[in-house]
Amino acid sequence: MTIAGTDSGGGAGVAADLRTMALAGVHGCVAVTAVTVQNTLGVTGVHTIPPETVAAQIRVVAQDIGLNAVKTGMLATGAIIDAIVDVAAEVGIGRDRPIPLVVDPVCASMHGDRLLAVEAMTALRERLIPIATVVTPNLDEVVLITGIEVVDDETQRAAAVALHEMGAQWAIVKGGHLRSSPRSADILYDGTDFLRLDYERIDTPHDHGAGDTLASAMTSALAHGMSVPDAARFAKGWVSESIRWSYPLGAGHGPVNPLWRVANY
Ligand SMILES: Nc1ncnc2c1ncn2[C@@H]1O[C@H](COP(=O)(O)OP(=O)(O)O)[C@@H](O)[C@H]1O
Ligand SMILES: Cc1ncc(COP(=O)(O)O)c(N)n1
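The text that follows walks through the structure, step by step, so that each part is easy to find. (Residues numbered from 1 in each chain as written. Chains lettered and ligands numbered in written order. Predicted model: local features only at pLDDT ≥ 70, side-chain atom pairs only at ≥ 80, totals over all residues. Heavy atoms only, no water.)

## Structural notes on the side chain of Ser246
Heads up, the rule is: Only DSSP runs of H or I reaching four residues or more are called helices, and only runs of E reaching two or more are called strands; each is numbered from the N terminus. The cut-offs for exposure are 20% and 50% of the maximum accessible area for each residue type, with area from a 1.4 Å probe on protein chains only; residues under the lower value are buried, those over the upper are exposed, and the others partly exposed. Pairs of N or O atoms are called polar contacts if they sit within 3.5 Å, as long as, within protein, a hydrogen donor faces a hydrogen acceptor (for residues adjacent in sequence, only side-chain-to-side-chain pairs). In this description, contact between two residues means that some pair of their heavy atoms is separated by no more than 4.5 Å.
Here Ser246 shows up in the segment after α8 (228-244). Overall, Ser246 belongs to the buried group, its relative accessible area being 15%. In terms of polar contacts, Ser246 uses its side chain to reach the backbone carbonyl oxygen of Ile243, at 3.0 Å. When residues no more than four places from it in sequence are discounted, the contact partners of Ser246 are Thr204, His206, Pro255, Val256 and Asn257.

Right, dumping it as structure tokens:
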């Protein structure tokens, strides 16, 4: 299941998640948190869904269809985070529970438009991250959550340690925004070992939805029963190829494209 917002441009959020989940061989269910008015240039409006409606979407799917793995993306408000954390305890989602939870702590769009209220940062830090099986921030989110500015490998590792200490079972600190590096390397940490997930940096402005695609590929792999390190390796390869096959759309940032998996270009 993806718990996330919609993007009218079809590049990020629920649309990106469902594309990846389908192509990765799992049935994706949806709990919508917010409707965004969005195109490739930015977000011009957000309509949030009542927290009890978000929780109810999760509850009815858990009760009928069942959940193998869950990811969160855009959550919009602290009240929505609270509702998700409460229903997660009720149906068994989260670390040390039967259903793994991947938390992509989306705070803003790539255009800099806010997708999580400032007041929600405390609930994110103190309630949601502590129940995450894996948390997957980009470098902008790392600064907002931990105060650590990542500039190199050492600070990237320090951020992973801070996120693990906040309660996440595993932390992946994504290096996509570390433009000074010729590689695109993410660091995975479980409190003991660091795993570096390294890939060539692909030179393209069309990377809208990359973070969602990484987290939903990982969630799909966890739903198939893979371990977190195997799921992370799978997801890194998946998002890298999706960035390679991204396409221009509109006047801004086009979407990453998981159709590389099936398309015969
Ligand atoms: N230009 C790029 N080339 C290759 N991989 C990239 C590139 N940009 C981002 N990635 C990878 O895509 C994933 C999403 O990263 P990032 O862009 O940092 O997140 P977000 O989309 O949340 O801002 C990460 O695995 C990152 O390393
Ligand atoms: C509904 C929604 N969810 C997530 C993102 C983040 O994606 P990106 O960082 O590519 O803008 C977004 N723009 N919109």
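## Regarding the environment of Ala232
Assignment of secondary structure puts Ala232 in helix α8. Between the alpha carbons of Ala232 and Val26 there is a distance of 17 Å; along the sequence they are 206 residues apart. Every residue in contact with Ala232, bar those within four places of it in the chain, is listed here: Ile172, Leu188, Leu197 and Met218.

## Brief notes about the sheet that holds strand β5 (residues 101-103)
Quick reminder of the rule: Being paired, for any two strands, means DSSP has found at least two bridges between them.
Read from one edge of the open sheet, 9 strands run β3-β2-β1-β4-β5-β6-β7-β8-β9, paired in mixed fashion. Edge positions in the open sheet fall to β3 (42-48) and β9 (194-200), since each of these has one partner strand only. Where strand β1 (residues 2-7) and strand β2 (residues 30-39) come together, 6 bridges link them in parallel fashion. Among the inter-strand pairings, Thr6 is bridged to a residue of β2, identified as Val35.

## Some points on the site of ligand 1
Short version of the rule: In this text, near means that some heavy atom of the residue lies within 4 Å of the molecule or strand in question. Note on areas: Shrake-Rupley, 1.4 Å probe, and residue coverage restricted to the protein chains presented here.
Looking at ligand 1, there are 15 residues lining it, with His177, Ser184, Asp186, Ile202 and Lys236 nearest. Separating an oxygen atom of ligand 1 from a backbone N or O atom of Gly176 is a distance of 3.3 Å. Taking Gly211, its main chain carries an N or O atom lying 2.8 Å from an oxygen atom of ligand 1. Notes on ligand 1: free accessible area 550 Å², of which the protein chains cover 92%. Mapped onto the shell around ligand 1, the elements with two or more residues apiece are β8 (183-189), α7 (210-223) and α8.

## Comments concerning the site of ligand 2
Taken together, Gly5, Thr6, Ala12, Gly13, Gln38, Met74, Ser109, Met110, Leu115, His208, Gly209 and Asp212 make up all the residues around ligand 2. A distance of 2.9 Å separates an oxygen atom of ligand 2 from a polar atom in the backbone of Met110. Between an oxygen atom of ligand 2 and a side-chain N or O atom of His208, the distance comes to 2.9 Å. Within the complex, 91% of the 360 Å² of free accessible area of ligand 2 lies under protein.

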